[in-house]
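Each chain, written out:
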Amino acid sequence: MALVKVCDMHDLAEWWVEVEATRTFAIDGRSYEVDLCGEHDAALTAALQPYVEVSRKVA
Ligand SMILES: [Zn+2]
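So, how was this worked out
Residues numbered from 1 in each chain as written. Predicted model: local features only at pLDDT ≥ 70, side-chain atom pairs only at ≥ 80, totals over all residues. Heavy atoms only, no water. Patch = residues over 30% accessible without salt bridge, like charges linked within 9 Å, V, L, I, M, F, W, Y side chains within 5 Å. Areas by Shrake-Rupley, 256 points an atom, 1.4 Å probe, with all protein chains shown as cover. Salt bridge = Lys/Arg side-chain N within 4 Å of Asp/Glu carboxyl O. Helix = DSSP H or I, 4+ residues; strand = E, 2+ residues; numbered from the N terminus. Buried < 20%, exposed > 50% of the residue type's maximum accessible area, 1.4 Å probe, protein only. Donors = N, O, S within 2.8 Å, 3.2 Å for Na, K, Ca; no water. Tetrahedral: all angles 85-135°; square planar, octahedral: opposite > 155°, others 65-115°. Phe/Tyr/Trp six-rings, centres within 6.5 Å; stacked < 30°, edge-to-face > 60°. Core = buried A, V, L, I, M, F, W, Y, C linked by side-chain atoms within 4.5 Å. Contact = heavy atoms within 4.5 Å. Pairing = 2+ DSSP bridges.

S.K.: Tell me about a nonpolar patch on the surface, and please be specific about residues and values.
M.R.: Taken together, the side chains of Phe-25, Ile-27 and Tyr-32 define a hydrophobic patch exposed on the protein surface, amounting to about 270 Å² of accessible area. Looking at the element boundaries, Ile-27 is found in strand 1 (residues 21-27).

As structure tokens, this is what we get:
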């Protein structure tokens, strides 16, 4: 049986929720990485969308 990565937003009891995307983001000078299932990946994008639209890109 192959090991699968579990979405970080779920309790380990929900071991079947596989990672579909690894997202990185930075806030307050710190960078973060999180493994997400499709549902939480979409939720992160939706939550940040209004902020991304008005934010400046930093080189
Ligand atoms: Zn999830």
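S.K.: Outline the pattern of salt bridges, supporting the account with residue identities and numerical values.
M.R.: Considering all chains together, one arrives at two salt bridges under this definition. Between Lys-5 and Asp-35 there is a salt bridge; the shortest N-O distance is 3.5 Å. You can see Lys-5 sitting in the segment before strand 1 and its partner Asp-35 sitting in strand 2 (residues 30-36), a full 30 residues away along the chain. Classification of Asp-35 by relative accessible area gives buried; the value is 13%.

S.K.: Mind laying out the coordination of the zinc ion, listing which residues take part and the relevant values?
M.R.: Looking at the zinc ion, the protein donor atoms are Cys-7 (SG), His-10 (NE2), Cys-37 (SG) and His-40 (ND1), and they sit 2.1 to 2.3 Å from it. With four donor atoms in place around the zinc ion and angles of 98 to 115° between them, the coordination shape is tetrahedral. If you list the donors of the zinc ion from N- to C-terminus, the spacing comes out as C-x2-H-x26-C-x2-H. We note that Cys-7, like His-10, is buried.

S.K.: Before we move on, can you summarise the packing of aromatic side chains with the specific residues and values?
M.R.: The tally for this structure, following the rule as stated, stands at two aromatic pairs. With a centroid separation of 5.4 Å and an interplanar angle of 25°, the aromatic rings of Phe-25 and Tyr-32 are classed as stacked. On the basis of relative accessibility, which here comes to 37%, the residue Tyr-32 falls in the partly exposed class.

S.K.: Give a detailed account of the nonpolar core, specifying residues and quantitative values.
M.R.: Listed in full, the five residues of the largest apolar core are Cys-7, Val-17, Val-34, Leu-36 and Cys-37. Setting aside residues no more than four positions away along its own chain, Cys-7 makes contact with Val-17, Glu-18, Val-19, Asp-35, Leu-36, Cys-37 and His-40.

S.K.: Residue-level account of the pairing of strand 1, with values.
M.R.: Relative to strand 2, strand 1 runs antiparallel, the two being bridged by seven bridges. Bridge pairing in strand 2 links Ala-26 to Ser-31. Turn length for the strand 1-strand 2 hairpin, with the two strands adjacent in sequence and antiparallel, is two residues, and the turn residue Asp-28 shows positive phi of about 55°.

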